[in-house]
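# Topology and contacts: notes
Spelled out from the first residue to the last, the chains are:
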Amino acid sequence: QVQLVESGGESVQVGGSLRLSCAVSGRTLSDYAMGWFRQAPGKERDFVAAITYNGAITRYADSVKGRFTISRDNAKNTVWLQMNSLKPEDTAVYYCAADRSRYFISTTPNEYDYWGQGTQVTVSS
């Protein structure tokens, strides 16, 4: 059983930065491609960023490109999402997810096999 635990979410001001972490246990992190998604109240869960099992390829939503960076350390079983230049529209619950398709980056939530419980990010002006 794979477990994902997100942390690092908090309230920040516009223009600030946060670093979210996703700790993976139960299986080797290198078995999975990993993704970050977010969900604002009353909205669907949206793709944010994803990374292949070895970190060679990353993909970002247009809304975060140039501001967010996804990274991973398989030896530490951890994935990060560095978020800079935060905007109010970045406010959401952020989820990390694991996909057994190691080489393929999906932007669709249904393609991911395991999910964390989420961490709240609030950006205020």
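Cut-off values and rules
Residues numbered from 1 in each chain as written. Predicted model: local features only at pLDDT ≥ 70, side-chain atom pairs only at ≥ 80, totals over all residues. Heavy atoms only, no water. Helix = DSSP H or I, 4+ residues; strand = E, 2+ residues; numbered from the N terminus. Contact = heavy atoms within 4.5 Å. Phe/Tyr/Trp six-rings, centres within 6.5 Å; stacked < 30°, edge-to-face > 60°. Buried < 20%, exposed > 50% of the residue type's maximum accessible area, 1.4 Å probe, protein only. Pairing = 2+ DSSP bridges. Axes fitted to C-alpha atoms, helices over the stretch in contact; angles between N-to-C directions.

Among the structural elements, Arg38 can be located in strand S4 (residues 33-39). With near-sequence residues (within four places) excluded, Arg38 lies in contact with Glu44, Arg45, Asp46, Val48, Ser63, Val64, Phe68, Glu89, Asp90, Ala92, Val93 and Tyr94.

This brings us to the packing of aromatic side chains. Scanning all chains against the criterion turns up seven aromatic pairs. With centroids separated by 5.7 Å and ring planes inclined at 75°, the aromatic side chains of Phe37 and Phe47 adopt a geometry described as edge-to-face. Residue Phe37 is found in strand S4, and its partner Phe47 is found in strand S5 (residues 46-51); the two are separated by 10 residues along the sequence. Consider the rings of Phe37 and Trp115, whose centres lie 5.1 Å apart with planes at 55°: the pair is tilted. Placement of the pair is Phe37 in strand S4 and Trp115 in strand S10 (residues 114-115), with a sequence separation of 78 residues. Residue class for Phe37 comes out buried when judged on its relative accessible area of 0%. In this structure Trp115 comes out as partly exposed when scored by relative accessible area, which is 27%.

Burial runs high along strand S8 (residues 78-83): five of the six residues are buried. When strand S3 (residues 18-25) meets S8, the two strands line up antiparallel, connected through six bridges. Residue pairing for S8: Ser21 is matched across the bridge by Trp80. Judged from the six bridges that link them, strand S7 (residues 68-73) and S8 form a sheet pairing that is antiparallel. Counted as the bridge partner of Phe68 is Met83 from S8. The antiparallel hairpin formed by S7 and S8 contains four residues in its connecting segment, where Asn77 sits at a positive phi of about 50°.

Once that is clear, we can look at the sheet that holds strand S1 (residues 3-7). Across the sheet, which stays open at both edges, the four strands sit in the order S1-S3-S8-S7 with antiparallel pairing between neighbours. Either end of the sheet is taken by a strand with one partner, and the two such strands are S1 and S7. Between one strand axis and the next, the sheet turns through 15° on average, direction left out of account. Across five bridges, S1 lies against S3 in antiparallel orientation. Residue pairing in the sheet places Leu4 in a bridge with Val24 of S3.

No statement about biological role is implied by the geometric values presented.
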